[in-house]
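Each chain, letter by letter, is given below.
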Protein chains: 2
Amino acid sequence: MANIRDLAKEAGVSVATVSRVLNGHPYVSEEKRKAVWEAVEKLNYSKNIQAVHLAKGRTAIVGVMLPYIHHPYFSAVIEGISKEALRYGYQLLLFQTNYEVERELEALERLRMRQMDGLIVCSHEVDWEVFDAYQEDGPIVLCEQVERYDFFTVYIDHYQAFVRALRYLIKKGHRRIGYCIGRTTGPNSQARAAAYQDVLREVGALPRRQWVFDGCLFLEDGKRVMEQWIAMEERPSALLVTSDQVAAGIVLHARRIGVRIPDELAVIGFDNDPLAEMLGITTVALPHFTLGERAFRLLHHWLETGRVARKQEELPAQLLVRDTA
Amino acid sequence: MANIRDLAKEAGVSVATVSRVLNGHPYVSEEKRKAVWEAVEKLNYSKNIQAVHLAKGRTAIVGVMLPYIHHPYFSAVIEGISKEALRYGYQLLLFQTNYEVERELEALERLRMRQMDGLIVCSHEVDWEVFDAYQEDGPIVLCEQVERYDFFTVYIDHYQAFVRALRYLIKKGHRRIGYCIGRTTGPNSQARAAAYQDVLREVGALPRRQWVFDGCLFLEDGKRVMEQWIAMEERPSALLVTSDQVAAGIVLHARRIGVRIPDELAVIGFDNDPLAEMLGITTVALPHFTLGERAFRLLHHWLETGRVARKQEELPAQLLVRDTA
DNA sequence: TTGTACGCGTTATCAT
DNA sequence: ATGATAACGCGTACAA
C-alpha cells in the first residue's frame, strides 16, 4: 500500500506538504494541492489510521464496558451512547464482560494502553477502588451514584425511585411487599435493598428475604417468579420488579394461570419498556437512552475541553401509574 | 509515560531485549529478564497498543456494521459475535449506520484505513457492488445470501423460510394472506417478497400491496398494524410477521380490542423470541445468536489461516407451531 | 509557501 | 543470548 512518502515522490513535493493537503491545512499552493490529490488518486492511497493514532496520541475511540448486550436495558444505553458518538465523530469499542472481573480488568488495561481516549462503564462487578486506580490512565464515566470516590458519573437515584414506588404501594394499603432484582451486588442493587429495608421498617412492615427474587433479568424470569410466588405459603401482595421485561413475564404468566392482577398481586415494573405500556403495567420510567447520551457527552466534553460543568449528573425517574398497581 | 527505551535504559539492556521479555520470547537470560520486569514495575510501564498495531500491521479488532443496536434481532447477533470475539481475543468496533449510506461508507473506509482486520456486516443499504470494491481492503462477512458476488456470507434462507410458513397457512385453508416487514429494500426483504408472490400465485391467491405492512420493527408497530387491519374493508385472514416483537404487538392489541386469534386473524411470527413463546405465538425460529457466532468464526478462521472450508454458510430456520396459526 | 528532520513506541532483521 | 538499527506511516516544529 502506498504511503505518504510515495505520494510525495509521485506529486513531486515533500511529505509535509502531502500531510498538509491531506488534512486540509492552509498555505499550500493550488497546483501542489492538485498534484497531491492526483497522486492520491493514481496510487489509490488511503491513510493508515494506526499511524495517525500513534502520531497524534489520541484515537477518537471510546470504550464501552457492559455485562451483556442482548438486554433491553443495556442496548438502550448503548444506543444513547452510540447516537452521541456518531454525532461527534467518535467510535465505540465494545467490552462485554459478563460481570467477570477478568474481563473488566482487561478493559481497564486497554485504557491504560491508550487504545481509547476514555471509557464508559455501564455496569460492573469490581470495586470502585480498582476504577480509581485507573483514573490516571484516562477519563472514566460510571453510570451509577458513587460515594467516597471522585468519578465522572451519570446516574439515576435508585434509592429514591424505589422509595417512591414503595410509598405508593403502602399508600394503596400494601404491607407484604417483595421485589425482583437482576443481581444483589452492585451499588444500584444495594441502594434498592436499602430503600426496601428503610421504607418497610418505617411503616412497621416486615422485609423478608424470601420475598426478594434474585437473577431477574429476562421475560422468562418473570414466569419463574410467578411459579415461585404461587407455591409460597405466605405470599407478598405486591412486587417491585426492576425490569419491565420481568414484570411482563409475571403479568403474562399470571393471566395464564388465572392470578388476578392487581387484586391478588400488585406489580410495579421499572424502565417503561414499550411492553409495559402495551400491557398496562404500572412502571417507574427510567431514562436509559438519555443516560447513555449524557454519559458520552460528559466524557466528550472532558476530552475536548479538559473541563466539565460538573462531574456528576443525576437523571430523574418517574412513576407511571397504569393498571397493575 | 515511560516507553520501551526508558525501560531499556533503566534495566541496562537494549530495546530489543526489552521487547523480547515483554513478549515472552526465548533466548533471554534470567537476570536480564528479571531486570526488565523490575524496570516495568518501577517505571509503571504499559505498552502503547497503537504502536504495536502500527508495527505489526494488524489490530485484532473486528468491525461490526449494523443499523441499530436497540433491537432484539441485532442485539442477539452482536451477542453471538461478541461471545466468539471474546473467546479468540478479538475486540469489536461498532458502526451504527441507521441504514444511512454515508455511515456505511465510513465504516468501509475505516476498513481501508486498516483500523480493523475485518468487517462483519449485519445489515446494510448500499449495493453489493460497493462492498465488492472494498474486498481488497480486508475480509468482509455479510449476513445474507448473495448472488453474483463472491463474498464471505452466513445466512438464513429467508425465501425458503417464508415459503414454508406460507404453505403452512395455505394448508390451513388461508388464501387472503399478508405480511409485515421491517423494510422493503435489502436482499432478505426481497427474498421474502419473492416468496410471497411465488407461493400465492402458485395456489391462485392474490398478493395484495395493501396487505404488505412496511416499517414493522418494534412492538408498537404491531399495534399500528392491528389498527390498520381493523380499519380495512377487505382484511387478510392471516399475517406473516417478520419479527416476533411485532407479532406480539399484534396479538396483544388484538386481545385488547377483542379480535380473536387465530380465528379471525392467524399470525405467524419470526425469530422465536421469548415473548413469542410466552404468548403462544406460532413462529419461525431463526438462529440469530448462532448467525453472529458463525459470522465471527468465518472471519476469524480466514484471518488466522488465510483460508476457509467454505465461504458461504447456510443456517436452518424452523417453524414452531403454537396457538396463533 | 515549502521542505527537512525528528518524534510517536513497537517489532523485527541482521549482525555478533 | 544480545544489541544496533531499520522499518511501520504520519504529524509537525523549525528553518528557510
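Residues numbered from 1 in each chain as written. Chains lettered and ligands numbered in written order. Predicted model: local features only at pLDDT ≥ 70, side-chain atom pairs only at ≥ 80, totals over all residues. Heavy atoms only, no water.

Draft legend 1. Summary view of the pairing of strand β9 (residues 266-271) of chain A. Residues and elements named next belong to chain A. When you tally the buried positions in β9, you get 6 out of 6 residues, the bulk of the element. Across 3 bridges, strand β8 (residues 238-241) lies against β9 in parallel orientation. What sits directly across from Leu240, in β9, is Ile268. Between β8 and its parallel partner β9, the chain crosses via helix α11 (residues 244-257), and the hand of that crossover is right-handed. (Buried < 20%, exposed > 50% of the residue type's maximum accessible area, 1.4 Å probe, protein only. Helix = DSSP H or I, 4+ residues; strand = E, 2+ residues; numbered from the N terminus. Pairing = 2+ DSSP bridges. Right-handed = clockwise from strand over helix to strand, strands pointing away.)

Draft legend 2. Layout of the interface of chain B and chain A. The interface of chain B with chain A comprises 52 residues on the first partner and 52 residues on the second. Between chain B and chain A, a total of about 4,900 Å² is buried, with carbon and sulfur atoms accounting for 55% of that surface. It is Gln50(B), Arg114(B) and Met278(B) that lose the most area in chain B upon contact with chain A, and together they represent 16% of the buried surface on that side. Across the contact surface, chain B and chain A share 0 salt bridges. Where chain B touches chain A, the interface holds 29 residue pairs in polar contact (both at pLDDT 80 or more). At the level of secondary structure, the elements contributing two or more residues to the side of chain B that touches chain A comprise α4 (49-56), α5 (72-87), β2 (91-96), α6 (101-112), α10 (219-230), α11 (244-257) and α12 (274-279) of chain B. Ranked by residues supplied to the side of chain B that touches chain A, first place goes to α5(B) with 7 residues. A per-class count over the side of chain B that touches chain A returns 23 nonpolar, 16 polar and 13 charged. (Contact = heavy atoms within 4.5 Å. Buried area = accessible area lost by both parts, 1.4 Å probe. Salt bridge = Lys/Arg side-chain N within 4 Å of Asp/Glu carboxyl O. Polar contact = N/O pair within 3.5 Å; in protein donor to acceptor, adjacent residues only side chain to side chain. Nonpolar A, V, L, I, M, F, W, Y, C, P; charged D, E, K, R; others polar.)

Draft legend 3. The arrangement of the protein's contact with DNA strand C in detail. If you check the shell around DNA strand C, you find 26 residues, and the closest are Arg20(A), Tyr27(A), Ser29(A), Ile4(B) and Tyr45(B). Among all atoms of DNA strand C positioned within 4 Å of the protein, those belonging to sugar or phosphate total 61%. In the model, a phosphate oxygen of DNA strand C is placed 2.5 Å from a nitrogen or oxygen of the Ser29(A) main chain. One of the side-chain N or O atoms of Tyr45(B) is found 2.5 Å from a phosphate oxygen in DNA strand C. Where the surface near DNA strand C is concerned, the elements lending two or more residues are α2 (15-22) and α4 (49-56) of chain A together with α1 (4-11), α2 (15-22) and α4 of chain B. Grouping the amino acids of the surface near DNA strand C by side-chain chemistry returns 13 nonpolar, 8 polar and 5 charged. (Near = heavy atom within 4 Å.)

Draft legend 4. Representation of the layout of surface pockets within the structure. There is about 950 Å³ of room inside the largest pocket. Taken together, 40 residues make up the lining of the largest pocket; nearest its centre are His70(A), Pro72(A), Gln245(A), Pro72(B) and Gln245(B). Elements that contribute at least two residues to the lining of the largest pocket include exactly α5 (72-87), α10 (219-230), α12 (274-279) and α13 (288-305) of chain A together with α5, α10, α12 and α13 (288-305) of chain B. Per-element tally for the lining of the largest pocket: the top contributor is α5(B), with 5 residues. Looking at the lining of the largest pocket, its residues break down into 20 nonpolar, 13 polar and 7 charged. Within this model, the second largest pocket holds a volume of roughly 620 Å³. Looking at the second largest pocket, it is lined by 26 residues, and the ones nearest its centre are Lys47(A), Asn48(A), Ala51(A), Val52(A) and Lys56(A). Elements with a contribution of two residues or more to the lining of the second largest pocket: α2 and α4 of chain A. Take the lining of the second largest pocket: its biggest share by element is 7 residues, from α4(A). Taken together, the residues of the lining of the second largest pocket sort by class into 13 nonpolar, 8 polar and 5 charged. (1 Å grid on protein atoms, 1.4 Å probe; cavity = no way out; pocket = protein on both sides within 12 Å on 5 of 7 lines; lining within 4 Å. Points joined across faces, edges and corners; volume = space filled by probe spheres on them.)

Draft legend 5. A look at the pattern of salt bridges. Under the criterion given, the structure shown has 36 salt bridges over all chains. Here Glu38(A) makes a salt bridge to Lys34(A), at a shortest N to O gap of 3.6 Å. Residue Glu38(A) and its partner Lys34(A) are both found in helix α3 (residues 30-43); the two are separated by 4 residues, about one turn of the helix. In this structure, the salt-bridge partner of Arg224(B) is Asp221(B), at a minimum N-O distance of 3.4 Å. Separated by 3 residues within a single helix, Arg224(B) and Asp221(B) lie in helix α10, roughly one turn from each other. Bridged by salt links that share partners, the residues Lys83(A), Glu84(A), Arg87(A), Glu293(A) and Arg297(A) form one connected network.

Draft legend 6. The arrangement of the domain arrangement of chain A in detail. According to the domain assignment, chain A contains domain 1 (4-56) and domain 2 (158-285). Between the C-alpha centres of domain 1 of chain A and domain 2 of chain A the distance comes to 62 Å. (Domains from an automatic or database assignment.)

Draft legend 7. Highlighting the nonpolar core. Core analysis: the largest hydrophobic core is formed by 163 residues, its most contacted members being Ile120(A), Leu240(A), Ile250(A), Ile120(B), Leu240(B) and Ile250(B). Those residues in contact with Ile120(A) that lie beyond four places of it in its chain are Val62(A), Gly63(A), Val64(A), Met65(A), Ile81(A), Val141(A), Cys143(A), Ala295(A), Phe296(A) and Leu299(A). Residues Phe95(A), Leu108(A), Ala107(B) and Leu119(B) belong to the second largest nonpolar core, which totals 36 residues. (Core = buried A, V, L, I, M, F, W, Y, C linked by side-chain atoms within 4.5 Å.)

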